[in-house]
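These are the residues of each chain, in order.
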Amino acid sequence: TESVTETALSLPDTLLIAAVDTIGSEFGESPDVFAFIIDAASTPAGGVAVLDAGRIELKVFDEQGTILLMPGRQGSGPGEYQMPMGLAVTEYGYVVSDISGGKIIRYDSTGELIDEITGFFPVPPVRIKGAGERFLAMDFFMDVSDGELPRASMDFVAFAGDTDPETVFISFPMDMSGGMVNSEDVPSFDFAAGPGGEAYLAVLSDSIFHVMGYDANGAEILEITEEFEKIALTQEELAREQLSVSLTVTDGETSLQRERTPRSDSFRQIIQGIGVDEDGRIWVEMGDTGEHYFRIYSPNGELTAVALVDESLPSQVEFSISPGGMLAWDGDPEDWPKVYLLEVL
């Protein structure tokens, strides 16, 4: 595998991603501190929406870090959430996935409740991302209709205003031998939305680079595939524990637990994540070299640049790259949780 430097030298452009500011204060300093950032995204107005699963709240900040809105609150009433785990920023406002409450909650741009989408079976999608007036999701589908053999699949979809997806981009059937769902053959994914409602799906694998793109109506517009030899993790990488998150429900109350556990994998994951910027460029976060960097593709799938990550950013940050902007956050920091506002140099 080429090093990041060798890849950069073969391309016309090499960029650098750096943090220009942060949102989040040290514990005890102010009420702006986060407990556990589970998701974050840029807003159309240039701000930042942060979903805090530790404090069970959604906060919307401006670029200076001032709190503008706090849509919803903890609870079981209309517009309230018990354990929010997913956030999408749309053209009209904010969408929260409440896995414990079994619902998707939609708020307008002022933080007022629009509606709640209920009736998902067995659970609402957890990971969601805004795509214009819709939101994208990996949705677990199960059909147990009377008289029919049970069917299950993991579907990449776009939702609008109810539990039936408006668009199904691709479906991955799941084995139900013996009446139990077996998800071992379904790979993990990350996904992103383009400025025109396009949807992109990246396979998270240790042996293949695979990115698929679809227009807003579900027609395939892009596919990039590259085989990789498996790359064993170094002893240093194997020694790094990974963050494990679990939910517990006791007497109707939901709590979230975090713990560090030994790594269960042995090889580097080729793709770490995917995003799309305001120009429709596809940012693929790579993990093949052990160095943090991005491959940047044009909307038609041409590799045009790489972006290196400034050393001031922690190695375990998660990125959110969308037409609204670029940011990162650390879900398991050594000091205190914060959101990094990023700039491309």
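Scope of this entry: the structure provided in the associated data block. (Residues numbered from 1 in each chain as written. Predicted model: local features only at pLDDT ≥ 70, side-chain atom pairs only at ≥ 80, totals over all residues. Heavy atoms only, no water.)

Here glycine 79 is to be found in the loop between β5 (67–69) and β6 (84–89). You can call glycine 79 buried: its relative accessible area is 5%. (Helix = DSSP H or I, 4+ residues; strand = E, 2+ residues; numbered from the N terminus. Buried < 20%, exposed > 50% of the residue type's maximum accessible area, 1.4 Å probe, protein only.)

Going from phenylalanine 121 to proline 122, the amide bond is cis rather than trans, its omega being 0°. Summarising the element assignment, proline 122 is placed in the loop between β9 (113–118) and β10 (128–131). Look at isoleucine 56: it is not a glycine, yet its phi comes out positive at around 55°. We classify isoleucine 56 as buried; its relative accessible area is 10%.

Within this structure, the stated rule accounts for 11 aromatic pairs. With 5.7 Å between their ring centres and 85° between their planes, phenylalanine 34 and phenylalanine 61 make a pair best called edge-to-face. Of this pair, phenylalanine 34 sits in the loop between β1 (13–23) and β2 (37–42) while phenylalanine 61 sits in strand β4 (residues 57–61); the two residues are 27 residues apart in sequence, bridging distant segments of the chain. For phenylalanine 34, a relative accessible area of 2% gives the class buried. Centroid distance phenylalanine 156 to phenylalanine 169: 5.1 Å. Interplanar angle 40°. Geometry classified as tilted. In this pair, phenylalanine 156 is assigned in strand β12 (residues 151–159) and phenylalanine 169 in strand β13 (residues 167–174), connecting sequence segments 13 residues apart. You can call phenylalanine 169 buried: its relative accessible area is 7%. What links up through ring pairs into an aromatic cluster is the set Phe156, Phe169, Phe191 and Tyr214. (Phe/Tyr/Trp six-rings, centres within 6.5 Å; stacked < 30°, edge-to-face > 60°.)

Below, the discussion takes up the pattern of salt bridges. What the rule picks out here adds up to 11 salt bridges. The partner of aspartate 190 in a salt bridge is lysine 129, with the nearest N and O atoms 3.3 Å apart. Of this pair, aspartate 190 sits in strand β14 (residues 188–193) while lysine 129 sits in strand β10; the two residues are 61 residues apart in sequence, bridging distant segments of the chain. By the burial criterion, aspartate 190 is buried, and lysine 129 matches it. Between glutamate 226 and arginine 295 there is a salt bridge; the shortest N-O distance is 3.0 Å. With glutamate 226 in strand β17 (residues 220–227) and arginine 295 in strand β22 (residues 293–297), this pair connects stretches of sequence that are 69 residues apart. Judged by its relative accessible area of 9%, arginine 295 is buried. If you follow the salt bridges from partner to partner, you end up with Arg55, Glu57 and Lys59 in one network. (Salt bridge = Lys/Arg side-chain N within 4 Å of Asp/Glu carboxyl O.)

Where a strand is regular, its side chains alternate between the two sheet faces. For β2, the buried fraction is high: six of the six residues fall into the buried class. Pairing of β2 with strand β3 (residues 48–52) involves five bridges; the strand directions are antiparallel. When the bridges of β3 are listed, alanine 41 appears paired with alanine 49. (Pairing = 2+ DSSP bridges.)

As a further point, take the nonpolar core. Residues Leu136, Met138, Phe156, Phe169, Phe189 and Leu201 are the most contacted members of the largest nonpolar core, which totals 22 residues. Broken down by secondary-structure element, the contributors of at least two residues to this core are β11 (134–143), β12, β13, β14, β15 (199–204) and β16 (208–214). Beyond its immediate stretch of four places on either side in the chain, phenylalanine 189 contacts Met138, Phe172, Leu201, Ala202, Val203 and Leu204. (Core = buried A, V, L, I, M, F, W, Y, C linked by side-chain atoms within 4.5 Å. Contact = heavy atoms within 4.5 Å.)

Below, the discussion takes up the sheet that holds strand β7 (residues 93–98). As summarised here, the arrangement of the four strands in space is β6-β7-β8-β9, forming an open sheet in which the pairing is antiparallel. The open sheet is flanked by β6 and β9, the only strands paired with a single partner. Averaged over all pairs of adjacent strands, the angle between strand axes in this sheet comes to 20°, irrespective of strand direction. Note that β6 and β7 share five bridges and pair antiparallel. Looking across to β7, one finds that leucine 87 is bridged to valine 96. (Axes fitted to C-alpha atoms, helices over the stretch in contact; angles between N-to-C directions.)

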